[in-house]
Number of protein chains: 2
Amino acid sequence: MPTSKDVAAAAGVSQSTVSYVMSGKRPISEKTRLRVEAAIEQLTYQPNAGARALASRKSQVIGLVLPITPEAHLGSLMEFIAVIAATARRHDHDILLVTDEEGSQGLERVVGQQLCDGLILMQVEAEDERIPVVRKLRVPAVFIGIPDDSAGLNCIDADFARAGELCVEEMAAAAHTSGVIIGWRPRLVGSRLNYVGRFLGGADAAAQRLGVSLSHVPATSDRGSIEAAVDACIAGMEGKPAFVSPDMTVLELLPRILRERGLEPGKDASVIGMGPAPQALIELQESTVLDLQPRLVSQRAVEILFSLMQADNPDPGGLLELIPPLVTHRHGTAEPPVPVPQSTR
Amino acid sequence: MPTSKDVAAAAGVSQSTVSYVMSGKRPISEKTRLRVEAAIEQLTYQPNAGARALASRKSQVIGLVLPITPEAHLGSLMEFIAVIAATARRHDHDILLVTDEEGSQGLERVVGQQLCDGLILMQVEAEDERIPVVRKLRVPAVFIGIPDDSAGLNCIDADFARAGELCVEEMAAAAHTSGVIIGWRPRLVGSRLNYVGRFLGGADAAAQRLGVSLSHVPATSDRGSIEAAVDACIAGMEGKPAFVSPDMTVLELLPRILRERGLEPGKDASVIGMGPAPQALIELQESTVLDLQPRLVSQRAVEILFSLMQADNPDPGGLLELIPPLVTHRHGTAEPPVPVPQSTR
DNA sequence: TTGAAAGCGTTACCAC
DNA sequence: GTGGTAACGCTTTCAA
């Protein structure tokens with residue numbers, strides 16, 4: 001493997017000149033720049049990442065912290081990861097995977113070893129054990145998800161309150177006067193993931209405003225529990241039932257569960273919900289679906305992280321950004337997308 | 001951040017002793033070892049990854065190369081990634097994500113910059129453009145998927161031929177005398193992913209052996225195309241139809257498509273197939289499903305890579321390993337798992 | 001506009 | 001058993 005020394009020799013310049021040609025951190029005469037670039041090309045030189053990190057104290061790597069919990073919707077996770085990786089590359093950074101297999105020790109490790117310059121944490125919970133760790137580490141970090149105590153942290157997420165509202169609005173627009181919100185998983189009920197609460201809040205407010213009645217029926221992620229919840233709803237409702245869910249897993253199962261009970265979704269019952277995986281939308285044609293815009297959320301997460309990393313400011317105040325969902329697919333109609341991000345605080 | 005120099009000072013030893021205590025590469029007296037370990041603990045010392053990589057010429061990182069093609073089943077991909085990351089950590093290595101956004105240039109980059117010591121490539125195609133690149137780079141690499149020309153490469157995959165056989169055997173056991181294999185996507189038809197061909201080969205052989213008739217109907221990943229294929233099958237078949245597919249996307253859609261046509265899967269029609277995402281199995285209760293054992297495949301991939309990296313042998317012959325699938329879920333019965341990996345060549 | 005040289009924090013060889 | 005020290009390949013200050 002050629003080194004910058006080799007390049008310097010080949011171009012007849014000093015090693016520092018090679019470095020400056022690559023970084024552009026100081027003016028170089030056209031003439032020598034061309035010579036150096038030619039040598040680089042010729043030798044197919046690539047700087048050694050370790051040496052560069054050592055000297056510059058920057059690894060050009062960002063750590064992506066994933067919770068591999070059984071209740072995660074893997075397809076959605078992957079969606080985020082892909083966008084994050086692509087965006088990072090566009091900023092000339094790479095992604096190091098940090099699974100929470102090692103728990104928050106993994107965080108201390110990757111930061112302690114200076115393997116990465118910043119962190120993105122996914123699926124952040126209401127009271128996330130990773131939060132005190134990150135606070136202590138004083139490393140640039142962005143949280144995807146809104147913890148209960150987000151003071152001083154940089155958080156971004158889909159706006160679930162707005163999503164709840166939108167779902168109920170869709171419900172009302174489809175002439176339902178009552179509906180049921182169904183489905184989140186057992187470990188989430190204890191407000192572990194507070195997006196559920198945010199969703200309910202928005203939905204309830206809209207229900208009150210629009211004069212529709214709304215009930216909540218919890219379910220776990222296994223099929224039996226969802227079936228039981230559906231049966232309870234059907235029994236207790238009058239008219240065409242409407243099912244609303246903020247949970248991708250529930251949404252994926254709902255249509256077939258309804259069909260098994262002789263209800264044709266979209267005709268005998270409405271299914272309204274939202275999920276972060278656009279790919280899954282093709283499977284939910286009978287439903288009205290909001291796009292949680294995972295691409296936007298993850299892209300912004302990366303961009304916020306970069307602004308933090310550049311500022312190099314130890315404590316930049318904290319930021320809370322909510323991305324409004326989009327009605328992407330409305331059962332039985334052509335879909336009119338209406339983008340517009342927004343941020344607060 | 002404390003350095004090994006600080007540790008040395010605190011423990012009253014030389015820096016090299018600290019290094020040797022950490023690596024265990026030379027005998028250290030009990031006494032000094034304890035002192036050094038105490039100092040490490042005390043200062044919460046962690047070695048700097050960049051410096052370590054520079055000096056040892058090993059980054060302790062493995063590059064995971066993902067194809068983010070639209071036709072990938074993201075949930076399955078994620079499944080693999082999680083296992084690979086966990087296994088790598090168990091060997092004291094980290095995972096760097098290499099999306100093929102940059103194409104095979106990304107490979108040249110991560111290897112050239114010496115960001116990683118080895119590569120795992122996922123979703124390897126029959127004629128994969130990454131193969132000549134990896135060959136040239138002469139870096140330890142494991143392919144998940146079997147390319148047409150696998151000579152000298154280290155490949156591992158699920159045994160799709162066996163899977164095809166098993167599916168047909170399941171079909172015959174359910175008293176079908178004819179069935180149809182349905183669904184792979186347009187870009188895959190051109191033998192891009194040859195697992196389809198392997199699956200068909202196995203299925204055909206079994207069909208011949210068991211005296212059942214079998215036809216192939218291609219479909220794309222969009223719902224309309226699968227529906228058309230199903231309709232064609234229903235029209236042309238006599239008796240209870242059996243649908244077999246090696247494609248997770250198709251399997252997920254099949255049950256509801258059948259129901260829309262008044263066929264209750266498992267009763268009026270059989271759905272038999274296999275997919276790499278165990279999570280999805282809960283959604284496929286009406287089907288007979290083989291587990292492609294993504295956990296086993298990815299675990300072995302990592303282990304093979306480590307043996308290559310240790311050998312440090314530039315050209316270790318090549319290896320082809322096929323993991324037999326497992327009948328995990330048989331419609332309407334309790335499932336008797338029958339494990340046993342195997343390898344060839 | 002360019003070069004020389006001092007680090008950056010490890011590892012590993014050579015002495016003792 | 002242990003310590004000194006020369007790499008490792010880059011960045012960046014200081015001089016010119």
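Residues numbered from 1 in each chain as written. Chains lettered and ligands numbered in written order. Predicted model: local features only at pLDDT ≥ 70, side-chain atom pairs only at ≥ 80, totals over all residues. Heavy atoms only, no water.

Bringing the relation of the copies chain A and chain B into the picture now. Taken as rigid bodies, chain A and chain B are interconverted by a rotation of 180° and an axial shift of 0.0 Å, the fit giving an RMSD of 0.1 Å. Classification of the inter-copy transformation places it as that of a two-fold axis. The share of interface residues of chain A whose copies in chain B are also at the interface is 100%, consistent with both copies meeting through the same surface. (Least-squares fit on C-alpha atoms with pLDDT ≥ 70 in both. Contact = heavy atoms within 4.5 Å.)

Pairing in this open sheet of 12 strands is mixed, and the strands run 11(A)-5(A)-4(A)-3(A)-1(A)-2(A)-2(B)-1(B)-3(B)-4(B)-5(B)-11(B) from one edge to the other. Of all the strands in the sheet, the pair left with one neighbour each is strand 11 (319-323) of chain A together with strand 11 (319-323) of chain B. Between one strand and the next, the sheet's axes are offset by a mean angle of 20°, whatever the strand orientation. Note that strand 4 (residues 141-144) of chain A and strand 5 (residues 154-158) of chain A share 2 bridges and pair parallel. Across the sheet, residue Phe143 of chain A finds its bridge partner in strand 5 of chain A, namely Cys155 of chain A. (Pairing = 2+ DSSP bridges. Helix = DSSP H or I, 4+ residues; strand = E, 2+ residues; numbered from the N terminus. Axes fitted to C-alpha atoms, helices over the stretch in contact; angles between N-to-C directions.)

Inspection of the region around DNA strand D gives 29 residues, with Ser4, Tyr20 and Tyr45 of chain A together with Thr17 and Arg57 of chain B positioned closest. The sugar-phosphate portion of DNA strand D accounts for 55% of its atoms within 4 Å of the protein, the bases making up the rest. Interatomic distance of 2.5 Å between a backbone N/O atom of Ser4 of chain A and a phosphate oxygen of DNA strand D. Residue Ser29 of chain B places a side-chain N or O atom 2.7 Å away from a phosphate oxygen belonging to DNA strand D. Elements with a minimum of two residues in the surface near DNA strand D: helix 2 (15-23) and helix 4 (49-56) of chain A together with helix 2 (15-23) and helix 4 (49-56) of chain B. Looking at the surface near DNA strand D element by element, the count peaks at 5 residues for helix 4 of chain A. For the surface near DNA strand D, the residue count by class is 11 nonpolar, 13 polar and 5 charged. (Near = heavy atom within 4 Å. Polar contact = N/O pair within 3.5 Å; in protein donor to acceptor, adjacent residues only side chain to side chain. Nonpolar A, V, L, I, M, F, W, Y, C, P; charged D, E, K, R; others polar.)

Take the side chain of Ser104 of chain B next. Mapped onto the fold, Ser104 of chain B is located in helix 6 (residues 104-112). The contact partners of Ser104 of chain B, leaving out residues within four places of it in the chain, are Glu129 and Val133 of chain B.

A few words on the confidence of the model for chain A. Residue and element names in this part refer to chain A. For chain A, mean pLDDT is 85; residues scoring 70 or higher make up 86% of the total. Mean pLDDT across the secondary structure elements of chain A bottoms out at helix 9 (residues 186-189), with 51, and peaks at helix 4, with 98. Per-residue pLDDT stays below 50 along residues 334-345; that stretch engages in 21 contacts with residues further than four places along the chain or on separate chains. (pLDDT = per-residue confidence, 0-100.)

The next thing to look at is the interface of chain A and chain B. Contact with chain A, which involves 52 residues of that partner, is made by 53 residues of chain B. In this structure, Arg109 of chain A engages Asp94 of chain B in a salt bridge whose closest nitrogen and oxygen atoms are separated by 2.8 Å. Along the contact surface separating chain A from chain B lie 11 residue pairs in polar contact (both at pLDDT 80 or more). Listing elements by their share of the side of chain A that touches chain B, those giving two or more residues are helix 4, strand 1 (61-66), helix 5 (74-90), strand 2 (94-99), helix 6 (104-112) and helix 12 (248-260) of chain A. (Salt bridge = Lys/Arg side-chain N within 4 Å of Asp/Glu carboxyl O.)

What follows deals with helix 3 (residues 30-43) of chain A. Residues and elements named next belong to chain A. Between the first and last C-alpha of helix 3 there are 20 Å, a value that for 14 residues agrees with the 20 Å anticipated at 1.5 Å per step. Looking only at helix 3, the buried set comprises Thr32, Val36, Ala39 and Ile40. The arc that holds the buried residues of helix 3, viewed along the axis, is 100°, so those residues lie on one side. Across helix 3 from its buried face, at more than 90 degrees, point the exposed residues Lys31, Glu41 and Gln42. At its buried positions, helix 3 is contacted by helix 1 (4-11) and helix 2. (Expected span 1.5 Å × (residues − 1). Buried < 20%, exposed > 50% of the residue type's maximum accessible area, 1.4 Å probe, protein only. Arc of directions from axis to C-beta.)

As a further point, take the pattern of salt bridges. Residues and elements named next belong to chain B. Evaluation of the coordinates by the stated rule reveals 42 salt bridges over all chains. For Glu108, the salt bridge identified is with Lys136, shortest N-O distance 2.7 Å. One end of the pair, Glu108, is in helix 6; the other, Lys136, is in helix 7 (residues 130-137), and 28 residues separate them in sequence. Residue Lys136 is classed as exposed on the basis of its relative accessible area, which comes to 55%.

Taken together, 30 residues lie near DNA strand C, and Thr17, Arg26 and Thr32 of chain A together with Ser4 and Gln15 of chain B sit nearest. Measuring from a phosphate oxygen of DNA strand C, one finds a side-chain N or O atom of Ser29 of chain A at 2.8 Å. Within the backbone of Asn48 of chain B, one N or O atom sits 3.1 Å away from a phosphate oxygen of DNA strand C. Split by residue class, the surface near DNA strand C holds 11 nonpolar, 14 polar and 5 charged.

Turning to the domain arrangement of chain A, a few remarks are in order. Each assigned domain of chain A is listed here: domain 1 (4-47), domain 2 (61-159 + 295-324) and domain 3 (160-292). Taking the mean C-alpha position of each, domain 1 of chain A and domain 2 of chain A sit 36 Å from one another. (Domains from an automatic or database assignment.)

This paragraph deals with the environment of Asp94 of chain A. Among the structural elements, Asp94 of chain A can be located in strand 2. For Asp94 of chain A, a relative accessible area of 5% gives the class buried. Contacts of Asp94 of chain A, omitting those with residues within four sequence positions, involve Gln60, Val61, Ile62 and Arg89 of chain A together with Leu96, Leu97, Arg109 and Leu115 of chain B. A distance of 2.8 Å separates polar atoms of two side chains, one belonging to Asp94 of chain A and the other to Arg109 of chain B.

Residue and element names in this part refer to chain A. Neither face of strand 3 (residues 118-121) is left uncovered, since the one carrying Gly118 and Ile120 and the one carrying Leu119 and Leu121 both have all their residues buried. Relative to strand 3, strand 1 is paired through 4 bridges, and the arrangement is parallel. Across the sheet, the residue bridging to Leu64 is Ile120, located in strand 3. In this region the chain leaves strand 3, passes through helix 7 (residues 130-137) and returns to the parallel neighbour strand 4; the handedness of that crossover is right-handed. (Right-handed = clockwise from strand over helix to strand, strands pointing away.)

To continue, consider the packing of aromatic side chains. All names here are of chain A. Inspection of every chain in the model, using the stated rule, returns 2 aromatic pairs over all chains. An angle of 35° between the planes, with centres 4.6 Å apart, marks the rings of Phe160 and Tyr195 as tilted. Placement of Phe160 in helix 8 (residues 160-173) and of Tyr195 in helix 10 (residues 195-210) is noted, with a sequence separation of 35 residues between them. The exposure class of Tyr195 is buried, given its relative accessible area of 16%. (Phe/Tyr/Trp six-rings, centres within 6.5 Å; stacked < 30°, edge-to-face > 60°.)

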